[in-house]
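# Geometric and topological summary
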Amino acid sequence: MSFYIGIDLGGTRIKGVAIDANGNILHQTYTPTNDGEGEVWKNAIAATVNGLKEKLNTQNIIIGISAPGLPDKENTAIAFMPGRLEGLENFSWSNYLQNPSYVLNDGVAALVAEARTGAAKESVNAIMVTLGTGVGGALLINKQAYQGSNKKAGHIGHTVVNCDGDCDVTGMPGSLEECIGNCTVEKRSKGKYTSTKELIDAYRNGDNDAEKVWTTSIKHLAMALASASNFISPDTIIVGGGIAEANEDLFTPLNKWFDTFEWQPGGIRPVIVKAVHADLAGAIGAAFFAKEKFNESNK
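Heads up: these notes are all about the structure in this document.

Criteria and cut-off values
Residues numbered from 1 in each chain as written. Predicted model: local features only at pLDDT ≥ 70, side-chain atom pairs only at ≥ 80, totals over all residues. Heavy atoms only, no water. Phe/Tyr/Trp six-rings, centres within 6.5 Å; stacked < 30°, edge-to-face > 60°. Buried < 20%, exposed > 50% of the residue type's maximum accessible area, 1.4 Å probe, protein only. Helix = DSSP H or I, 4+ residues; strand = E, 2+ residues; numbered from the N terminus. Salt bridge = Lys/Arg side-chain N within 4 Å of Asp/Glu carboxyl O.

What follows covers the packing of aromatic side chains. Aromatic ring pairs are described here by two measures, namely the spacing of the ring centres and the angle between the planes. All told, the structure shown has six aromatic pairs when counted by the stated rule. An angle of 75° between the planes, with centres 4.8 Å apart, marks the rings of Phe91 and Trp93 as edge-to-face. Accessibility expressed as a relative area gives 1% for Trp93, which makes it buried. With centroids separated by 5.9 Å and ring planes inclined at 75°, the aromatic side chains of Trp93 and Tyr96 adopt a geometry described as edge-to-face. Note that Trp93 and Tyr96 are positioned in helix H2 (residues 93–97) at a spacing of three residues, about one turn of the helix.

One pass over the full model with this rule turns up eleven salt bridges. Between Lys187 and Glu178 there is a salt bridge, with its nearest N and O atoms 2.9 Å apart. A salt bridge links Lys197 to Asp201; the shortest N-O distance between them is 3.0 Å. Taken as a pair, Lys197 and Asp201 lie in helix H6 (residues 196–204) at a separation of four residues, close to a single helical turn. Assessed through its relative accessible area of 59%, Lys197 is described here as exposed. Each of Asp166, Glu178 and Lys187 takes part in a single network of salt bridges with overlapping partners.

What follows is the structure, encoded as structure tokens:
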């Protein structure tokens with residue numbers, strides 16, 4: 001029996017899971033790292049993989065790696081990741097780990113996890129948006145993750161929702177990432193709050209400034225999701241990431257604004273749900289992706 005290891009490469013720690021051929025999660029592990037310390041993350045990934053191999057007591061494994069950036073055409077390496085994780089671009093994981101390895105964007109990996117065993121397991125077509133430091137996203141079409149011709153599909157965070165806003169890292173003005181990502185909350189609140197957690201705490205305590213900033217952020221999110229719904233026509237929209245932990249303070253106004261903006265012929269609209277896999281989503285999705293890619297290549 002083959003086993004599949006999924007690795008999620010984050011800036012502060014490596015998450016790892018092992019699944020069997022039936023998709024059952026057998027083991028999970030966390031390894032600290034720091035992308036400011038050279039290429040220590042490569043050794044951290046190798047240590048995570050070797051630790052899971054020992055637990056599985058086998059060398060017969062296939063590896064999936066969830067990472068920031070855009071993968072190459074064959075999903076064997078990250079092709080584009082400027083400014084972070086020096087050495088990641090075009091690095092051959094199969095050679096380094098001495099096992100077949102497949103690489104995909106971390107937002108796509110999170111979607112695969114939700115589509116296989118999470119909030120979208122009954123979905124045919126779905127959109128996922130991850131709200132954290134930035135805003136990631138991914139598309140599910142006919143039950144398969146859609147990566148596009150050069151693997152950048154699903155980056156809903158770079159959708160323009162305010163043409164007069166500041167440009168984001170891709171050069172898009174007033175993108176969703178600029179309008180709700182944790183990276184800009186201090187700028188959006190004119191220095192009053194330094195994190196989305198502070199903003200939401202103040203909102204819950206009835207602060208008028210916090211209410212204005214938070215409501216505007218959710219309105220922009222609803223606009224982006226309604227726009228995406230018009231060209232993808234999903235049955236489900238999954239919202240994940242740390243900001244999703246705001247729960248009803250996010251989802252209640254989000255549904256209200258979504259119903260205001262989204263075209264709903266016949267009264268039909270996608271359901272908006274919270275992701276269930278939390279911080280292990282990338283690792284779980286990477287393991288399932290590796291399983292499917294390996295099986296596909298060996299038909």
